[in-house]
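# An overview of the molecular structure
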Amino acid sequence: MALLDDLKKQAQQKQSQGTLDSSKTLRGEEVNWHLIAPKLFTLRQYLKDLVETLNSLEPDDDHIFTLTKDVTFRKLKKRNFKFNPDQQKDGRSFTVRYELTGEHNQRLSVGNDVMINKIRTLLKDLATKFDETNDGANRSAFVIKPLFTTRIKCEASLPDRMINLTIENFSAPGAQQIRIKPETINEEFMDEFAKFILGHQNKFMELAGYTMPEELRRQLQEKLSQGKQAKAAPEEAAKAETRLESTASRLKNIFKR
């Protein structure tokens, strides 16, 4: 019985520690939420207003969407912007979505079963309208309507006190995730985010910390150029010395004659 009593005591201690750890985690996440919430709500309201404005404005910029390396849709417009709150309605996540739409269908002829299945699956995953017909032996022709949906989901990441942005199908199929610190969100960041959504020149990625600032890039390029010149100097000197030795050798041979 002594062994069983010891095992029961260990199990109770483990359960108590687990409950304590869980309680600490929940308290930590609540603290993080109170730090994230003001910035996330500011971004939420900004994007909600942006959606309403863009639906009224209907920007006339042209955009491209690269479906595959052989198929690129051009002169697309961004239309039907929507702001979707999260299902939990607690404000911890929300989504902006819009359509990239164009006037001209594109035809793609594919010549092997692997690629045919790949294109078919890709188009279905994108929920893109298309017609598929037989195009000869082991070939299929896809006539694709230019209509693609872009989604930008913003979500609080409570364990690490970050805000996750998941961007799907922005200019090509696929998703990328950007993690930003709440303190990053200010008026400049939101304006650059709007420019990014519109496809205008912007500093959104730089402000989010995912690209190198132009000044730092210039400094690194200068250092790299100086490094190349420093490396090239001894090489050029060695070449010059070799040429000099070769010339001297030829002159010696001439005088020997």
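One numbering rule holds for all chains: residues counted from 1, following each sequence as written. At least 70 in pLDDT is required for a residue's local features to be given in this predicted model, at least 80 for side-chain atom pairs to be given and counted, and no such filter applies to totals for whole chains, interfaces and linings, which use all residues. Remark: hydrogens and water are excluded; side-chain values derive from all non-hydrogen atoms of the structure.

## As for helix H2 (residues 113-125)
Counting from the N terminus, the helices are the DSSP runs of H or I reaching at least four residues and the strands are the DSSP runs of E reaching at least two. Helix span, expected: 1.5 Å multiplied by one less than the number of residues in the helix. Between its first and last C-alpha, H2 extends 18 Å over 13 residues, near the 18 Å set by a 1.5 Å rise per residue. Among the residues of H2, Ile-116, Ile-119 and Leu-123 are the ones counted as buried. Buried residues of H2, viewed axially, fall in a sector of 70 degrees; they line one side. Away from the buried face of H2 by more than 90 degrees, exposed residues Asp-113, Val-114, Lys-118, Lys-124 and Asp-125 are located. One or two positions beyond H2, positive phi appears at Ala-127, with a value near 55 degrees. Exposure is judged per residue with a 1.4 Å probe applied to protein chains only, and the accessible area is read against the type maximum: over 50% gives exposed, under 20% gives buried, and values in between give partly exposed. The arc in question is traced by the directions running from the helix axis to the C-beta atoms.

## Notes on the pattern of salt bridges
Put simply, a salt bridge is a Lys or Arg side-chain nitrogen that is within 4 Å of an Asp or Glu carboxyl oxygen. Taken as a whole and assessed by the stated rule, the structure comprises nine salt bridges. One salt bridge connects Arg-107 with Asp-135, and the closest N-O pair in it is separated by 3.0 Å. In this pair, Arg-107 sits in strand S4 (residues 106-110) while Asp-135 sits in the loop between strand S5 (130-134) and strand S6 (140-144), placing the two residues 28 residues apart along the sequence. Of the residues examined, Arg-107 reaches a relative accessible area of 53% and is grouped as exposed. A relative accessible area of 28% means that Asp-135 is categorised as partly exposed. The shortest N-O distance in the salt bridge between Glu-183 and Arg-161 comes to 3.8 Å. Within this pair, whereas Glu-183 is found in the loop between strand S9 (175-180) and helix H3 (187-198), its partner Arg-161 is found in the loop between strand S7 (147-157) and strand S8 (162-168), the two being separated by 22 residues in sequence. On the basis of relative accessibility, which here comes to 48%, the residue Glu-183 falls in the partly exposed class.

## Notes on the pairing of S7
At least two DSSP bridges between two strands are required for those strands to pair. Across nine bridges, the pairing between strand S3 (residues 93-101) and S7 is antiparallel. The residue bridging Glu-99 from the neighbouring strand is Thr-149, located in S7. Remark: four residues form the turn of the hairpin made by S7 and S8, two consecutive strands paired antiparallel; Arg-161 in that turn has positive phi of roughly 55 degrees.

## Details of the nonpolar core
We define a nonpolar core as any set of buried Ala, Val, Leu, Ile, Met, Phe, Trp, Tyr and Cys residues linked to one another through side-chain atoms lying within 4.5 Å. Membership of the largest hydrophobic core comes to 50 residues, with the highest contact counts inside it found for Leu-47, Leu-67, Phe-193 and Ile-197. Ranked by residue count, the leading element in this core is helix H1 (residues 2-57), at nine residues. If we ignore the near neighbours within four places in the chain, the residues touching Leu-47 are Phe-83, Phe-94, Val-96, Cys-154, Phe-193 and Ile-197. Any two residues whose heavy atoms approach within 4.5 Å at even a single point are treated as in contact.

## Regarding the sheet that holds S3
In spatial order, the strands read S1-S2-S3-S7-S8-S9; together these six strands make up an open sheet with antiparallel pairing. Among the strands making up the open sheet, the edge pair consists of strand S1 (63-68) and S9. Taken over all neighbouring pairs, the strand axes of this sheet differ in orientation by 30 degrees on average, direction set aside. Angles shown run from 0 to 180 degrees and are taken between the N-to-C directions of axes, each axis being a line fitted to C-alpha atoms and, for helices, limited to the stretch in contact. Those strands touched by H3 are S1, strand S2 (71-85), S3, S7, S8 and S9, and its axis lies near 135 degrees from that of S2.

## A look at the sheet that holds S6
The strand order across the open sheet formed by three strands is S4-S6-S5, and the pairing between neighbours is antiparallel. The open sheet is flanked by S4 and S5, the only strands paired with a single partner. Neighbouring strand axes in the sheet, compared pairwise and without regard to direction, differ in orientation by 20 degrees on average. Bridge count between S4 and S6: five bridges; the pairing is antiparallel. Residue pairing in the sheet places Arg-107 in a bridge with Val-143 of S6. Lying over the sheet, H2 contacts S4, S5 and S6, oriented at roughly 20 degrees with respect to S6.

## Observations regarding H3
End to end, H3 covers 17 Å across 12 residues, agreeing with the expected 16 Å (1.5 Å per residue, within 8%). The complete set of buried residues in H3 reads Phe-189, Met-190, Glu-192, Phe-193, Ala-194, Phe-196, Ile-197 and Leu-198. Phi turns positive, to about 80 degrees, at Gly-199, one or two residues after H3.

Honestly, that's just the spatial picture; any functional story needs more than this.
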